[in-house]
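Residue-level structural notes
So you can see what is in the structure, the chains are spelled out below.
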Amino acid sequence: MLKSIKIKPYILLPVFLGAAFSAVGADKLTVVSWGGAFTKSQVEAYHKPFIEATGVQIISEDFNGGLAEIKAQVESGNVIWDLVSLDKPDIVRGCAEGLLETFDPSLLPAGADGTPAKDDFIDGAVHECAVNSIVVSTILAINEDQFKGKAKPSKMTDLFDLKTFPGRRGLQKIPQGNMEWALLADGVAPQDVYAQLETREGRDRAFSKLNTIKEHVFWWTTGAQAPQMLADGEVVISSAFNGRISNAKRDENQPFKIIWDRQMGYMNGWVIPKGSKNLERAIEFIVLSSKTKPLADQAKYISYGPTRKSSTINMDKALLDTLPTAPQNFETAFLVNDEWWGDYADELNEEFNTWLAK
């Protein structure tokens, strides 16, 4: 997710003082997220409706991600956070380490169209310790002004086609996503990618494919770099975070086009640190915020895809077109296997950095 500086908590007070508020008294939840536009989208879509429905006070804090602060609270027996927005790799690790409360998926309501929750959420969204609410994707993007009067890249394999689309490429300086794209572009079936990456032959195959464009790659390390390189004409195609490209199109009128083919999607969702003093209220927050409408509402503020299929059914087309989980965009999506990367990240990072240095 986006980095943010840690700031003082701010408090969202109940918008009314009716019977519901009186019944719960001084109930409050401390909800922790990433700050900036992302937290704003959660405040509008989740916090405010929850406050209105329950009268519970929400204290919203920012953090920089990861498990360190959750672990410190749990191990000290002084858990002051009730809900935390975590990326799925940290959800998986935190659950395995016993840092998070488990969640009963039977509590999740059906979608607004009546679809049972187990069928309404995309695969992998409901975890034993969390409900993931959004998909954020690394996509490929181009500056359409660079392709006036000629063919434009339109699929993932065009990243590797230097003959048809000569010029520099932009890629994030990590193995995750790049290794998968390399194997997919080399003809490996999606369901076989991680099995291949567990073998020496599969990894060599991925690096061999990346070698075909290595000399033409600008490696970026922050989310702002990719759209800037596209805007400046430094690259003809680049990987990027989908929200960055959508925001640049909307807010800066940049002539960017997203290539959704083989988008690399990962999830983010709500967890409850083990030992939360407000467990029942925290569960109630997850249940209410995971309904069809709140998930759809968050997309109005930031271009991340809701994990419920029913959330996109009646969505405005202009908005829907910007989201990773829109049916037309999600058709060839490749969801990153967070459990797999949790096991192999260290050795793949080492191999990737060694390969870069050659």
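Residues numbered from 1 in each chain as written. Predicted model: local features only at pLDDT ≥ 70, side-chain atom pairs only at ≥ 80, totals over all residues. Heavy atoms only, no water.

A few points about the overall build of the protein chain
Counted only if it meets this: By definition, any uninterrupted DSSP run of H or I lasting at least four residues is a helix, any uninterrupted run of E lasting at least two residues is a strand, and each is numbered from the N terminus. It is over C-alpha atoms that the radius of gyration is taken, and the globule rule equals 2.2 Å times the number of residues to the power 0.38. Computed with the Shrake-Rupley method and a 1.4 Å probe, the accessible areas treat only the protein chains shown as cover for residues.
Scanning the protein chain from terminus to terminus reveals 15 helices and twelve strands. Scaling as 2.2 N^0.38, a compact globule of 358 residues should have a C-alpha radius of gyration of about 21 Å, and the protein chain matches this with 21 Å. The dimensions of the protein chain, computed from C-alpha atoms along their principal axes, are 70 × 40 × 40 Å. Approximately 15800 Å² of the protein chain is accessible, and the part contributed by carbon and sulfur atoms is 51%.

Quick look at the pattern of salt bridges
Just so we agree on the cut-off: Salt bridges are counted wherever a side-chain nitrogen of Lys or Arg sits within 4 Å of a carboxyl oxygen of Asp or Glu. Accessible area is worked out with a 1.4 Å probe on protein chains only. A residue is then buried under 20% of its type maximum, exposed over 50%, and partly exposed in between.
In total, this model carries 19 salt bridges according to the counting rule given. For D27, the salt bridge is made with R281, and the minimal N-O distance between the two is 3.0 Å. One end of the pair, D27, is in the loop between α1 (19–24) and β2 (28–33); the other, R281, is in helix α11 (residues 279–289), with 254 residues separating them in the sequence. Note on R281: relative accessible area 17%, which makes it buried. A salt bridge links E351 to R203; the nearest nitrogen and oxygen atoms lie 2.7 Å apart. In this pair, E351 is assigned in helix α15 (residues 338–357) and R203 in helix α8 (residues 200–211), connecting sequence segments 148 residues apart. Owing to a relative accessible area of 4%, R203 belongs among the buried residues under this scheme.

Remarks on the nonpolar core
To keep it simple, the criterion reads: Here, nonpolar core means buried Ala, Val, Leu, Ile, Met, Phe, Trp, Tyr and Cys residues that are tied together by side-chain atoms lying within 4.5 Å of each other. In this analysis, two residues are considered to be in contact whenever any of their non-hydrogen atoms come within 4.5 Å of each other.
Membership of the largest hydrophobic core comes to 35 residues, with the highest contact counts inside it found for L159, F160, W181 and L197. Only β6 (130–143), α6 (178–185), α7 (193–197), α8, β10 (256–271) and α15 provide two or more residues apiece to this core. When sequence neighbours within four positions are dropped, the list of residues in contact with F160 reads W181, A182, A185, K209, L210, T212 and I213. Counting 25 residues, the second-largest nonpolar core is a separate cluster that includes Y46, F50, A117 and W270.

Structural notes on α15
Heads up, the rule is: Consider a residue and the seven residues that end there alongside the seven that start there; fitting an axis to each set, the bend is the angle between those axes. For the purposes of these results, a polar contact is taken to be a pair of N or O atoms within 3.5 Å, where, inside protein, one atom must be able to donate a hydrogen and its partner to accept one; residues adjacent in sequence count only when each atom of the pair is a side-chain atom.
The axis of α15 is deflected most strongly, by about 65°, at Y344. For α15, every residue scored as buried is listed here: D338, W340, W341, L348, F352, W355 and L356. By the N-cap criterion, in which a side-chain oxygen at the helix start approaches the backbone nitrogen of a residue two or three places on, α15 is capped by N337, the distance to E339 being 3.2 Å.

A look at the side chain of T30
Considering the arrangement of structural elements, one finds T30 in strand β2. If sequence neighbours within four positions are ignored, T30 has contacts with I59, E61, I80, W81, D82 and L83.

Here's the deal with the layout of surface pockets
Quick reminder of the rule: The pocket and cavity definitions rest on a 1 Å grid over protein atoms only: a 1.4 Å probe that fits but cannot leave marks a cavity, an open set with protein on both sides within 12 Å along at least five of seven lines marks a pocket, and residues lining either have an atom within 4 Å of a point. Grid points are joined across faces, edges and corners, and a volume is the space filled by probe spheres set on the points. For this classification, Asp, Glu, Lys and Arg are treated as charged, while Ala, Val, Leu, Ile, Met, Phe, Trp, Tyr, Cys and Pro are nonpolar and the rest, including Gly, are polar.
A volume near 340 Å³ is recorded for the second largest pocket. The wall of the second largest pocket is formed by 19 residues, among which K249, I258, W260, D321 and T322 lie closest to the centre. Those elements that provide at least two residues to the lining of the second largest pocket are α10 (242–252), β10 and α13 (317–320). Among the elements that line the lining of the second largest pocket, the one with the most residues is β10, at five residues. In terms of residue class, the lining of the second largest pocket is built from nine nonpolar, four polar and six charged.

Quick look at the pairing of strand β7 (residues 169–172)
Definition in use: Pairing between strands is defined by DSSP: at least two bridges between the two strands are required.
Burial along β7 is two-sided: R169 and L171 and G170 and Q172, pointing in opposite directions, are all buried. Note: β7 against strand β9 (residues 237–241), two bridges, orientation parallel. Across the sheet, G170 pairs through a bridge with S238, a residue of β9.

Considering the pairing of β6
Counting buried residues along β6, 14 of its 14 residues qualify, which places the element largely inside the surrounding structure. In this structure, the hairpin formed by strand β5 (residues 126–127) and β6 is closed by a connection of two residues. Bridge analysis of β6 against β9 gives four bridges, and the strand direction is antiparallel. Across the sheet, A141 pairs through a bridge with S238, a residue of β9.

Re the packing of α6 against α8
Counted only if it meets this: Axes, fitted as lines to C-alpha atoms, cover a helix only where it is in contact. Angles between the N-to-C directions of the axes lie from 0 to 180 degrees. Note that the term roughly parallel is reserved for angles under 35 degrees, roughly antiparallel for angles over 145, roughly perpendicular for angles of 65 to 115, and oblique for everything else.
Contact geometry of α6 with α8 gives a least axis separation of 8 Å together with a crossing angle of 85°. One finds that α6 runs roughly perpendicular with respect to α8. Across from N178, M179, A182, L183 and A185 in α6, the residues of α8 making contact are G202, R203, R205, A206, F207, K209 and L210. Across the contact of α6 with α8, the residue classes break down as seven nonpolar, two polar and three charged.

Considerations on the packing of aromatic side chains
For the record, the criterion: Paired rings are identified among Phe, Tyr and Trp, the last through its six-membered ring, by centres lying within 6.5 Å, and are further divided according to the angle between planes into stacked (under 30 degrees), edge-to-face (over 60) and tilted (the rest). Cation placement over rings: the criterion is NZ of Lys or CZ of Arg within 6 Å of the ring centroid and within 35° of the ring normal.
On inspection of all chains with the given rule, the structure shows 16 aromatic pairs. Judged by centre distance (5.3 Å) and plane angle (55°), the ring pair of W34 and F63 falls under tilted. Here W34, found in the loop between β2 and α2 (36–54), pairs with F63, found in the loop between β3 (57–62) and α3 (68–76); they are 29 residues apart in sequence, far enough to count as distant. Classification of W34 as buried rests on a relative accessible area of 5%. Here the aromatic cluster, defined as three or more aromatic residues joined through ring pairs, consists of Y194, F334, W340, W341 and Y344. Sitting above the plane of the W355 ring, K214 keeps its charged end 4.5 Å from the centroid.

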